[in-house]
Structures are given as C-alpha cells and as structure tokens.
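Survey of secondary and tertiary structure
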Amino acid sequence: MKQTESLTELKKASNLATLSLQERLNLRETMRNNEAMEWIRRYRKKVLEEGRGEAQYWWQQTIADIAKKRGQKAADDLSKRMNEQKDKK
C-alpha cells in the first residue's frame, strides 16, 4: 500500500478535522513534497521552452515571491525539498 493511499480515502479526505495528528503531519509532508516535485516540473519545462538562463532568472523571481508571501524559512524548505527530489532521480 502506498503511503498516501490512506490519506486520500474519501471518508477521511472529506473532513481534515477527523484526521489524527500523525495523519495530518503525514498529509502535510506529502503535500510539501508534491509541491517540490511540481516546481521541478515547471522549472524543467521552462528550461525546454526558454532556455536555462531564462529559467534560472524566472526561478529566482519565483522563489523571492514565495519568500515574501510565506517567509524565508518556507522558501528555503521548498528549495531544500526540490534539491532532495532532484537528487533522487
């Protein structure tokens, strides 16, 4: 069974308040890792469409915007997770 299957069951997904503390923490970790994978996908697409230099500039602007909205700690966490996910492949 996949780690996320139990978190996406219809009966639990309909109300997050019914999740246990551990289930909520697992769900948050899953969501953060999925967000990192999504940003990697977007970055790679940007590299293919516009080139590496433009993609790097775009990413610098994007991560700065994330830091403004969510705080530097969240932006650093996202960058760290992206590097971890990138290294797994």
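Just above sits the structure.
Rules used in this analysis
Residues numbered from 1 in each chain as written. Predicted model: local features only at pLDDT ≥ 70, side-chain atom pairs only at ≥ 80, totals over all residues. Heavy atoms only, no water. Helix = DSSP H or I, 4+ residues; strand = E, 2+ residues; numbered from the N terminus. Expected span 1.5 Å × (residues − 1). Buried < 20%, exposed > 50% of the residue type's maximum accessible area, 1.4 Å probe, protein only. Salt bridge = Lys/Arg side-chain N within 4 Å of Asp/Glu carboxyl O. Contact = heavy atoms within 4.5 Å. Core = buried A, V, L, I, M, F, W, Y, C linked by side-chain atoms within 4.5 Å.

**What about helix α2 (residues 21-50)?**
In this model α2 runs 43 Å from its N-terminal to its C-terminal C-alpha over 30 residues, within 8% of the 44 Å that 1.5 Å per residue would give. Buried within α2 are the following residues: E23, L27, T30, A36, W39, I40, Y43 and K46. Directly after α2, the chain includes G51, whose backbone phi takes a positive value near 100°.

**A closer look at the pattern of salt bridges**
If you walk through the whole model with that rule in mind, you get 9 salt bridges. A salt bridge links E29 to R81; the nearest nitrogen and oxygen atoms lie 2.9 Å apart. Pair noted here: E29 is in helix α2 and R81 is in helix α4 (residues 72-88), with a separation of 52 residues, a long-range link. Put simply, E38 and R42 hold a salt bridge, and the shortest N to O gap is 3.1 Å. In this pair, E38 and R42 are both assigned in helix α2, 4 residues apart and thus about one turn of the helix distant. Sharing partners across several salt bridges, the network here consists of E29, D77, K80, R81 and E84.

**Quick notes on the environment of I66**
Tracing the chain through its elements places I66 in helix α3 (residues 52-70). With a relative accessible area of 7%, I66 lands in the buried category. Each C-alpha atom, one on I66 and one on L78, is 9.3 Å from the other, the two residues being 12 residues apart in sequence. Once residues lying within four places of it in the same chain are set aside, the contact partners of I66 are W39, G71, A75 and L78.

**Quick look at the nonpolar core**
Membership of the largest hydrophobic core is limited to 12 residues, which are A36, W39, I40, Y43, A55, W59, I63, I66, A67, A75, L78 and M82. Those elements that provide at least two residues to this core are α2, α3 and α4. Per-element accounting of this core gives the leading share, 5 residues, to α3. Sequence-distant contacts of I63, that is, excluding residues within four places in its chain, are made with A75, L78 and S79.

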